[in-house]
Amino acid sequence: MNDDRSPLLTLMSCVSCNITMRLETCSPDSQGKEILQYRCGECGRIERVLLIRRTWPAQS
């Protein structure tokens, strides 16, 4: 199952405060991968993560 809003996407913790960060934006890059931006509500720290989605091999 490929769910675009997987709960795992929202489980990023701030390295400074150790609290769960909020997913702020999600945008594609030039290669078709997605860049997720998280922001900490406590200290304002921003983290960006490159999301790479795997595809199932084609059946022959």
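Residues numbered from 1 in each chain as written. Predicted model: local features only at pLDDT ≥ 70, side-chain atom pairs only at ≥ 80, totals over all residues. Heavy atoms only, no water.

### Some remarks on the overall build of the protein
Which entries qualify depends on this criterion: Secondary structure elements follow DSSP: runs of H or I of four or more residues count as helices, runs of E of two or more count as strands, with numbering from the N terminus. Should any heavy atoms of two residues lie within 4.5 Å, those residues are considered in contact. To measure how exposed things are, a 1.4 Å probe is used in the Shrake-Rupley method; for residues, cover is taken only from the protein chains shown.
On a plain count of helices and strands, the protein comes out with zero helices and three strands. Counting contacts in the protein only where the partners sit at least 6 residues apart, residues at least 24 apart contribute 26% of the total. Carbon and sulfur atoms make up 50% of the accessible area of the protein, which totals about 5100 Å².

### Brief notes about the pattern of salt bridges
What counts is decided by this rule: Any carboxyl oxygen of Asp or Glu that lies within 4 Å of a side-chain nitrogen of Lys or Arg is treated as forming a salt bridge with it. Only protein chains enter the accessibility calculation, which uses a 1.4 Å probe; a residue is then buried when its area is under 20% of its type maximum, exposed when over 50%, and partly exposed in between.
For the coordinates displayed, the defined rule picks out three salt bridges. Between Arg22 and Glu24 there is a salt bridge; the shortest N-O distance is 3.9 Å. We note a salt bridge from Glu47 to Arg45, for which the minimum N-O separation is 2.7 Å. A relative accessible area of 33% places Arg45 in the partly exposed class. The network of salt bridges with shared partners includes Arg22, Glu24 and Arg39.

Shape is all these values report; function is a separate question.
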